[in-house]
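Reading the structure
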Amino acid sequence: MNARIVVVDDDPLVGVLSLALLKDAGYDVTLIDDSFKALEEIKQNPPALALLDILMPGLDGLTLCHKLKSDPATKHIRIGIVSGKAFHADRQRAMDYGADLFIEKPYNVDTFALQITDLLAGQAHLVRLQPGDVFELGDRRAVVALVHLQAGQLVAGKRIGGVELDGDSQLLARVFG
């Protein structure tokens, strides 16, 4: 693997855990606890992925995401948001600012590195699904029959055929062959 990942989190427990899980999965990982330093490091030495916490002193993770995705030199970098702040508005802003993945804290340590691997392999990304949308489901196609948004019933990290569902969506889909 050896893809380079920058983890930006001021919580030492979560930051070190993320670092350890990703290193164990074979990634080259740098942990930075200051978002201004992270912005500088990412611009000077662009990683394949930046994992950003939302609640950071100074420059919050969503603003950092927006700055990175707005800059032609860094817009290609995949961005994952890893945060305990998982309100619909935060998830929507992350998507609007170009985040490729949103993982809610506390995350599942058994699937965390797999989510990152899927993202880097281009198999997971945030999408906004609406009734009538059609998407691939393995070798089949699925049409979205119902998308029901309900805070408190989050499905962050659920994947269907490599599609990462927007965390506030409950999805019922009719699959056809």
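A few points on the structure. (Residues numbered from 1 in each chain as written. Predicted model: local features only at pLDDT ≥ 70, side-chain atom pairs only at ≥ 80, totals over all residues. Heavy atoms only, no water.)

1. Re the side chain of Ser-83
Residue position: Ser-83 is located in strand 4 (residues 78-83). Leaving out residues up to four positions away in the same chain, Ser-83 has contacts with Asp-53, Ile-54, Phe-102, Ile-103, Glu-104 and Lys-105. (Helix = DSSP H or I, 4+ residues; strand = E, 2+ residues; numbered from the N terminus. Contact = heavy atoms within 4.5 Å.)

2. Here we look at the side chain of Asp-53
Following the sequence through the fold, Asp-53 ends up in the loop between strand 3 (49-52) and helix 3 (61-70). Judged by its relative accessible area of 6%, Asp-53 falls in the buried class. Separated by 3.3 Å, the side chains of Asp-53 and Lys-105 make a polar contact. (Buried < 20%, exposed > 50% of the residue type's maximum accessible area, 1.4 Å probe, protein only. Polar contact = N/O pair within 3.5 Å; in protein donor to acceptor, adjacent residues only side chain to side chain.)

3. Topic: the packing of aromatic side chains
With the rule as written, the count across this model stands at one aromatic pair. On the basis of an interplanar angle of 15° and a centroid distance of 4.1 Å, the ring pair of Tyr-107 and Phe-112 is categorised as stacked. By relative accessible area, which is 0% here, Phe-112 ends up buried. (Phe/Tyr/Trp six-rings, centres within 6.5 Å; stacked < 30°, edge-to-face > 60°.)

4. Considering the nonpolar core
Among the nonpolar cores identified, the biggest contains 22 residues, and Val-8, Ile-42, Leu-52, Leu-64, Ile-79 and Ile-81 are the most heavily contacted of them. Taken together, the elements giving at least two residues each to this core come down to strand 1 (4-8), helix 2 (35-44), strand 3, helix 3 and strand 4. Sort the elements by how many residues they give to this core and helix 3 lands first, with four residues. Core analysis: the next-biggest nonpolar cluster, separate from the first, contains 18 residues, Leu-22, Val-29, Ile-103 and Leu-119 among them. (Core = buried A, V, L, I, M, F, W, Y, C linked by side-chain atoms within 4.5 Å.)

5. Comments concerning the packing of helix 1 (residues 12-24) against helix 5 (residues 112-120)
How two helices sit against one another is set out by the angle between their axes and by the gap between those axes. Interaxial distance between helix 1 and helix 5 falls to 9 Å at its minimum, and their mutual angle equals 65°. Considering the relative orientation of helix 1 and helix 5, their crossing is right-handed. Between helix 1 and helix 5, the contacting residues are Ser-18, Leu-21 and Leu-22 on the first element and Phe-112, Ala-113 and Ile-116 on the second. For the contact of helix 1 with helix 5, a count of residues per class yields five nonpolar, one polar and no charged. (Axes fitted to C-alpha atoms, helices over the stretch in contact; angles between N-to-C directions. Left-handed = near helix turned anticlockwise from the far one by under 90°. Nonpolar A, V, L, I, M, F, W, Y, C, P; charged D, E, K, R; others polar.)

6. A closer look at the sheet that holds strand 4
Reading across the sheet, the five strands line up as 2-1-3-4-5 and stay open at both edges, with parallel pairing between neighbours. Whereas interior strands pair on both sides, the edge strands pair on one side only; in this sheet they are strand 2 (28-32) and strand 5 (101-104). On average, each strand axis in the sheet is inclined to that of its neighbour by 20°, with strand direction left out of account. With four bridges joining them, strand 3 and strand 4 adopt parallel strand pairing. Pairing of Leu-51 across the sheet is with Gly-80, part of strand 4. Relative to strand 2, helix 1 is tilted by about 175°, and along the sheet it contacts strand 1, strand 2 and strand 3. Sheet contacts for helix 2: strand 1, strand 2 and strand 3; angle to strand 1, the most-contacted strand, approximately 165°. (Pairing = 2+ DSSP bridges.)

7. Quick look at unusual backbone geometry
Here the bond from Lys-105 into Pro-106 is cis, since omega is -5°, no more than 30 degrees from zero. Relative to the elements of secondary structure, Pro-106 occurs in the loop between strand 5 and helix 5.

Function cannot be inferred from these measures alone, as they are strictly geometric.
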